[in-house]
Amino acid sequence: MDDSEIIRLYWNRDEEAIFATAEKYAGYCTSIAKNICESSADAEECVNDTYLAAWNSIPPQKPSVLSAFLGRLARNISLNKYKYNTAAKRGGGAVPAVLDELLEIVSDQEDVEQEVDRRELIDTINHFLSGLPAGKRQIFVRRYWYFESISAISTRFGKSENHVSVLLHRLRKSLREELLERGFSL
């Protein structure tokens with residue numbers, strides 16, 4: 001079933017929409033959730049919550065790209081689950097490592113959030129990503145959007161883990177320089 005048919009089912013409040021979504025996007029949403037959550041049970045719960053969130057969001061929203069819409073829902077729900085599970089402790093695992101890598105680029109201090117217009121920051125990051133060759137952009141997005149491990153990225157792209165680590169370090173450095181050039185305080 002194609003995405004427009006699935007969205008039509010949501011709009012008609014037909015429960016078949018959930019089954020069609022699960023059939024087509026279960027693997028995609030599960031992969032996102034597993035990269036973030038510490039357990040398979042939590043990842044499964046997040047995927048089910050993703051379907052519920054889609055049901056509650058469509059309508060009124062009408063996503064133009066269903067996969068991106070579901071991916072964003074799965075990612076945000078999984079991050080919330082991760083935050084809930086690690087509220088009292090600083091856990092190990094991939095998520096803190098990825099977040100620590102991103103702290104090299106942008107500080108998490110409140111004054112930065114107050115100074116930086118969110119939309120301009122998003123536009124700057126999108127501009128940076130659009131200027132990268134496709135392979136580098138895909139590696140960056142796999143790591144910092146999907147929270148994929150360096151070993152999984154290296155396997156996916158046929159590169160050594162060291163190559164991927166160095167490439168990500170250079171990309172973070174380039175993004176940091178671009179943000180500074182555009183007047184962001186980091």
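Definitions and cut-offs
- Residues numbered from 1 in each chain as written.
- Predicted model: local features only at pLDDT ≥ 70, side-chain atom pairs only at ≥ 80, totals over all residues.
- Heavy atoms only, no water.
- Helix = DSSP H or I, 4+ residues; strand = E, 2+ residues; numbered from the N terminus.
- Buried < 20%, exposed > 50% of the residue type's maximum accessible area, 1.4 Å probe, protein only.
- Salt bridge = Lys/Arg side-chain N within 4 Å of Asp/Glu carboxyl O.
- Phe/Tyr/Trp six-rings, centres within 6.5 Å; stacked < 30°, edge-to-face > 60°.
- Lys NZ or Arg CZ within 6 Å of the ring centre and 35° of its normal.
- Core = buried A, V, L, I, M, F, W, Y, C linked by side-chain atoms within 4.5 Å.
- Contact = heavy atoms within 4.5 Å.

(A) Main features of unusual backbone geometry. Residue P59 is reached from I58 by a cis peptide bond, and omega for that bond is -20°. Looking at where P59 falls in the secondary structure, it is placed in the loop between α3 (40–57) and α4 (66–85). Note that the residue after P59, namely P60, is joined by a cis bond; omega there is 15°. Mapped onto the secondary structure, P60 falls in the loop between α3 and α4. Backbone geometry places R13, a non-glycine residue, at a positive phi of 60°. Mapped onto the elements of the fold, R13 is located in the loop between α1 (3–11) and α2 (16–36). Judged by its relative accessible area of 37%, R13 is partly exposed. Phi is positive for F147, which is not a glycine, with a value near 60°. Topologically, F147 is positioned in the loop between α8 (134–144) and α9 (150–157).

(B) Representation of the pattern of salt bridges in the model. In this structure the tally under the stated criterion is 5 salt bridges. The shortest N-O distance in the salt bridge between K81 and E45 comes to 3.5 Å. In this pair, K81 sits in helix α4 while E45 sits in helix α3, placing the two residues 36 residues apart along the sequence. Take E45: its relative accessible area is 36%, and that puts it in the partly exposed class. Across the pair R182 and E178 runs a salt bridge, and its minimum N-O distance is 3.4 Å. Residue class for R182 comes out partly exposed when judged on its relative accessible area of 41%.

(C) How the structure looks around the packing of aromatic side chains. The tally for this structure, following the rule as stated, stands at 5 aromatic pairs. One aromatic cluster is present, built from ring pairs that chain together Y25, Y28 and Y146. Over the ring of W11 we find K62, and its NZ or CZ is 5.6 Å from the ring centre. Against the face of Y146 rests R142, its NZ or CZ located 4.7 Å from the ring centre.

(D) Broad picture of the environment of A152. Considering the arrangement of structural elements, one finds A152 in helix α9. Classification of A152 by relative accessible area gives partly exposed; the value is 30%. Distance in space between the C-alpha atoms of A152 and R142 is 9.4 Å, their sequence separation being 10 residues.

(E) Representation of the nonpolar core within the structure. Core analysis: the biggest nonpolar cluster contains 46 residues, and Y10 and L66 have the highest contact counts within it. Secondary-structure elements contributing two or more residues to this core are α1, α2, α3, α4, α7 (118–130), α8, α9 and α10 (161–181). Broken down by element, this core gets its largest block of residues, 8 residues, from α4. Setting aside its immediate chain neighbours within four residues, L66 contacts D3, I6, I7, Y25 and I58.

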